[in-house]
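Fold and geometry: a report
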Amino acid sequence: MPEVPPPEPTGDELLKVLSALGNPHRLRIVAALMERRNYVSALAREIGMGRPLLHMHLQRLEAAGLIVGTLELSEDGKAMKYFEVAPFCYRLTPHVIARAATTITEPAQEKTDKTDKAGKTNEADKADPPAKPARTTKTVKTAKEEAK
């Protein structure tokens with residue numbers, strides 16, 4: 001039976017995936033999860049990252065459909081969330097991108113493009129800072145000057 005090619009992503013899906021993969025930490029997370037599924041604490045130790053930061057990256061990858069998390073109970077009754085790589089395949093060509101661009105429904109993400117969630121400016125935007133408004137000077141007259 002011939003292999004059926006995956007459906008082309010919509011513009012919104014493609015933006016989510018590319019945005020999720022556009023970070024070196026998230027690429028390392030996907031690579032580590034390719035080795036084996038893992039839970040947050042063990043994955044944090046393996047990658048050398050704090051759990052809160054790792055959790056944020058895992059949420060981004062999960063929202064893009066690149067990884068899947070499942071909640072399981074350990075032998076001692078503790079709830080642990082395990083993550084593993086979801087099967088995915090994206091073929092990027094100029095034609096795929098052009099078709100995806102016509103289906104974008106999300107509003108332009110100007111704020112998220114310029115700042116991350118912590119409010120830090122992205123490096124790409126530092127090269128082209130926004131223009132500053134023209135400075136106006138006002139002359140304030142003192143009471144003595146007005147009396148003259």
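An account of the accompanying structure is given in this report. Sequence order sets the numbering: in each chain, residues are counted from 1 along the sequence as written. Predicted model: local features are reported for residues with pLDDT of at least 70 only, side-chain atom pairs are reported and counted for 80 or more only, and whole-chain, interface and lining totals are derived from all residues. Just so you know, side-chain values use all the structure's heavy atoms and leave hydrogens and water out.

**Let's talk about the pairing of strand β2 (residues 67-73)**
- Two strands form a pair only when DSSP identifies at least two bridges running between them. Secondary structure elements follow DSSP: runs of H or I no shorter than four residues count as helices, runs of E no shorter than two count as strands, and numbering proceeds from the N terminus. In the sheet, β2 pairs with strand β3 (residues 79-85) via seven bridges, with the strands oriented antiparallel. Bridge pairing links T70 to Y82 in β3.
- Turn length for the β2-β3 hairpin, with the two strands adjacent in sequence and antiparallel, is five residues, and the turn residue G77 shows positive phi of about 85°.

**Some remarks on the pattern of salt bridges**
- One side-chain nitrogen of Lys or Arg within 4 Å of one carboxyl oxygen of Asp or Glu is enough to make a salt bridge. According to the stated counting rule, one finds four salt bridges in the structure shown.
- As a salt-bridge pair, E46 and R36 come within 3.1 Å of each other at their nearest N and O atoms. Of this pair, E46 sits in helix α3 (residues 40-47) while R36 is found in the loop between α2 (24-35) and β1 (38-39), placing the two residues ten residues apart along the sequence.
- Partly exposed residues are those whose accessible area sits between 20% and 50% of the maximum for their type, while under 20% is buried and over 50% is exposed, using a 1.4 Å probe and protein chains only. Judged by relative accessible area, E46 falls into the partly exposed class, the value being 37%.

**As for the pairing of β3**
- In the sheet, β1 pairs with β3 via two bridges, with the strands oriented antiparallel. Looking at the pairing, N38 lines up with F83 of β3.

**Digging into the packing of aromatic side chains**
- Stacked, tilted and edge-to-face pairs are distinguished by plane angle, under 30 degrees for stacked and over 60 for edge-to-face with tilted covering the rest, among Phe, Tyr and Trp rings (Trp via its six-membered ring) whose centres lie within 6.5 Å. Counting across every chain of the model gives two aromatic pairs.
- Taking the centre distance of 5.6 Å and the plane angle of 65° together, the rings of Y39 and Y82 count as edge-to-face. Pair noted here: Y39 is in strand β1 and Y82 is in strand β3, with a separation of 43 residues, a long-range link.
- Here Y39 falls in the partly exposed class, since its relative accessible area comes to 24%.
- Look at F88 and Y90: their rings are 6.1 Å apart centre to centre, the planes differ by 40°, and that puts the pair in the tilted class.
- Here F88 falls in the partly exposed class, since its relative accessible area comes to 35%.

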